[in-house]
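Tertiary structure, described
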Amino acid sequence: MTTAQNNPAQHDVFGPDVEAKAKQLIDRYPQARSALLPMLHLVQSVQGHVSQEGVAFCAEQLDLSEAEVSAVVTFYTMYKRKPCGEHLVSVCTNTLCAALGGDAIYAKLSEHLGAGHEEVAGEAGEPGSIMLEHAECLAACDLAPVLQVNYEYYDNQTPETAVELVDSLRRGERPSPSRGAPLTDFKSVELQLAGFFPEDDEAFRIDVDGPSQAVETLRGAQLAAERAWTAPAMPEDVPLPDLEAK
Ligand code: FES
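Attention in this report is confined to the structure presented alongside it. (Residues numbered from 1 in each chain as written. Predicted model: local features only at pLDDT ≥ 70, side-chain atom pairs only at ≥ 80, totals over all residues. Heavy atoms only, no water.)

**Notes on the overall build of the chain**
Stated formally: In this text, helices come from DSSP runs of H or I with a minimum length of four residues, and strands from runs of E with a minimum of two, each type numbered from the N-terminal end. Contact criterion: two residues are considered in contact whenever any of their non-hydrogen atoms come within 4.5 Å of each other.
Regarding its fold elements, the chain presents 9 helices and 5 strands. Order of helices (α) and strands (β) in the chain, N terminus to C terminus: α-α-α-α-α-β-α-β-β-β-β-α-α-α. Residue pairs at least 24 apart in sequence account for 65% of intrachain contacts in the chain once pairs closer than 6 positions are excluded.

Here is the structure:
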């Protein structure tokens, strides 16, 4: 079904340790093919992107064709098809963030870094290198404009604070996100997204010292509690959909 078995380059990149992790992923699902999404994150934790060798590796592990794996890789923007930087900087340019300054932040960072969408400032994968990307709504509109570094949030940004942030990344610093886990790097986060959290490795500590939610996010619920607002009850005569019907 696949030509991956004949590809020695694939086995040079993905050694026994990666194969063992791939087997662990497969064992978590009733059907092997369901492990494809985390396995693509595993591939990115090794290479920083999904190369053709990575596609072949997944195809071989899951008994899929390379075309099937490529179809998934090219559908989701979270899978990068060219080498990423040490860090991935995602600027939300969706409607609310754009109106509140997200477009200006993206334009400033693009000019400052000399990089456009999914382009890398610096040598890809080397310390301090940064891939810049436009992002759709990052689900933090109450804190707009926002950006993420390796999927960690930096809220209420301006072009100036965004430039300070990328400059500190290029100096090798890891500024604390507005909330959530400490900042690591793109490959480390990809291993976490694959579902692996090596407890003995400092880079993978997931202790969350910062706030996990923002005051703005909770404001509506607080107001409702203070004023004893409740949601209207569901009408009892609403028919439930027949999930068996075609
Ligand atoms: S529009 Fe930017 S987080 Fe929703």
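**Details of the pattern of salt bridges**
What counts is decided by this rule: Any Lys or Arg side-chain nitrogen located within 4 Å of an Asp or Glu carboxyl oxygen qualifies as a salt bridge. Residue exposure (1.4 Å probe, protein chains only): buried if accessible area is under 20% of the type maximum, exposed if over 50%, otherwise partly exposed.
Enumeration according to the criterion identifies 8 salt bridges in this entry. Put simply, Glu118 and Lys80 hold a salt bridge, and the shortest N to O gap is 2.9 Å. Linking Glu118 in the loop between α6 (95–113) and β2 (119–121) with Lys80 in the loop between α5 (66–75) and β1 (87–92), this pair joins segments that are 38 residues apart in sequence. Assessed through its relative accessible area of 1%, Lys80 is described here as buried. Among the ionic pairs, Asp167 bridges to Arg170, the shortest N-O distance being 3.5 Å. Of this pair, Asp167 and Arg170 both sit in helix α7 (residues 159–170), 3 residues apart, roughly one helical turn. With a relative accessible area of 23%, Asp167 lands in the partly exposed category. A single salt-bridge network, built from bridges that share partners, covers Lys80, Glu118 and Glu133.

**Side note on the nonpolar core**
Put simply, the rule reads: The criterion is simple. A nonpolar core is a set of buried Ala, Val, Leu, Ile, Met, Phe, Trp, Tyr and Cys residues joined through side-chain atoms within 4.5 Å.
Grouped together as the largest cluster of nonpolar side chains are 25 residues, with contacts concentrated most on Leu36, Met39, Leu40, Leu42, Phe57, Cys58 and Val69. For this core, the secondary structure elements donating two or more residues are α2 (16–27), α3 (36–47), α4 (52–62), α5 and α8 (186–194). Formed by 19 residues, the second largest nonpolar core is a distinct cluster that contains Tyr106, Ile130, Leu132 and Leu147.

**Considerations on the side chain of Glu190**
Heads up, the condition is: Asp and Glu count as negative and Lys and Arg as positive, but His and the ends of the chain are not part of the count.
One can find Glu190 in helix α8. Buried and unpaired, Glu190 has no salt bridge, with Lys80 as the nearest side chain of opposite charge at 8.5 Å. Contacts of Glu190, omitting those with residues within four sequence positions, involve His41, Gln44, Ser45 and Tyr151.

**Points about the packing of α3 against α4**
For clarity, the cut-off: Interaxial angle, 0 to 180 degrees, is taken between N-to-C directions of lines fitted to C-alpha atoms, where a helix line uses only the stretch in contact. An angle below 35 degrees is treated as roughly parallel, one above 145 as roughly antiparallel, one from 65 to 115 as roughly perpendicular, and anything else as oblique. Crossing handedness is read from the near helix: turned anticlockwise from the far helix by less than a right angle, it gives a left-handed crossing, and turned clockwise, a right-handed one. Ten residues, namely Ala, Val, Leu, Ile, Met, Phe, Trp, Tyr, Cys and Pro, are considered nonpolar, four, namely Asp, Glu, Lys and Arg, are considered charged, and the remaining ones, Gly among them, are considered polar.
Two elements in contact, α3 and α4, have axes separated by 10 Å at closest approach and are oriented at 140°. As the angle between them shows, α3 and α4 are arranged oblique. Of the two elements, α3 crosses α4, and the hand of that crossing is right-handed. Within the contact between the two elements, α3 uses Leu36, Met39, Leu40, Val43 and Gln47 and α4 uses Gly54, Phe57, Cys58, Gln61 and Leu62. In terms of residue class, the contact of α3 with α4 is made up of 7 nonpolar, 3 polar and no charged.

**Here we look at the packing of aromatic side chains**
The line we're drawing: Two aromatic rings from Phe, Tyr or Trp, using only the six-membered ring of Trp, form a pair when their centres are within 6.5 Å; if the ring planes differ by under 30 degrees the pair is stacked, by over 60 it is edge-to-face, and anything between is tilted. Over a ring means this: the NZ of a Lys or the CZ of an Arg is within 6 Å of the ring centre and within 35 degrees of the ring normal.
Applying the stated criterion to the full structure yields 3 aromatic pairs. Consider the rings of Phe14 and Phe57, whose centres lie 4.7 Å apart with planes at 25°: the pair is stacked. Pair noted here: Phe14 is in the loop between α1 (8–13) and α2 and Phe57 is in helix α4, with a separation of 43 residues, a long-range link. Clustering of aromatic rings is evident, with ring pairs tying together Phe75, Tyr76 and Tyr79. Geometry around Phe196 places Arg28 over its ring, the cationic atom sitting 5.0 Å from the centre. Residue placement shows Arg179 over the ring face of Tyr153; its charged tip is 4.1 Å from the ring centre.

**Topic: unusual backbone geometry**
Cis rather than trans, the peptide bond between Ala144 and Pro145 has omega equal to -5°. Structurally, the position occupied by Pro145 is in the loop between β3 (130–135) and β4 (147–149). Positive phi values are uncommon outside glycine, yet Asn150 reaches one of about 50°. Along the chain, the position of Asn150 falls in the loop between β4 and β5 (152–154). We note that Asn156 has phi near 50°; this positive angle belongs to a residue other than glycine.

**What about the pairing of β3?**
The cut-off we apply is this: Strand pairing is assigned whenever DSSP identifies at least 2 bridges connecting the two strands.
Of all 6 residues that make up β3, 5 are buried, and the element is covered over most of its length. In this structure, β1 lies alongside β3, joined through 6 bridges in parallel fashion. Across the sheet, the residue bridging to Leu88 is Met131, located in β3. Where β2 and β3 come together, 3 bridges link them in antiparallel fashion. Bridge pairing links Glu119 to Leu132 in β3.

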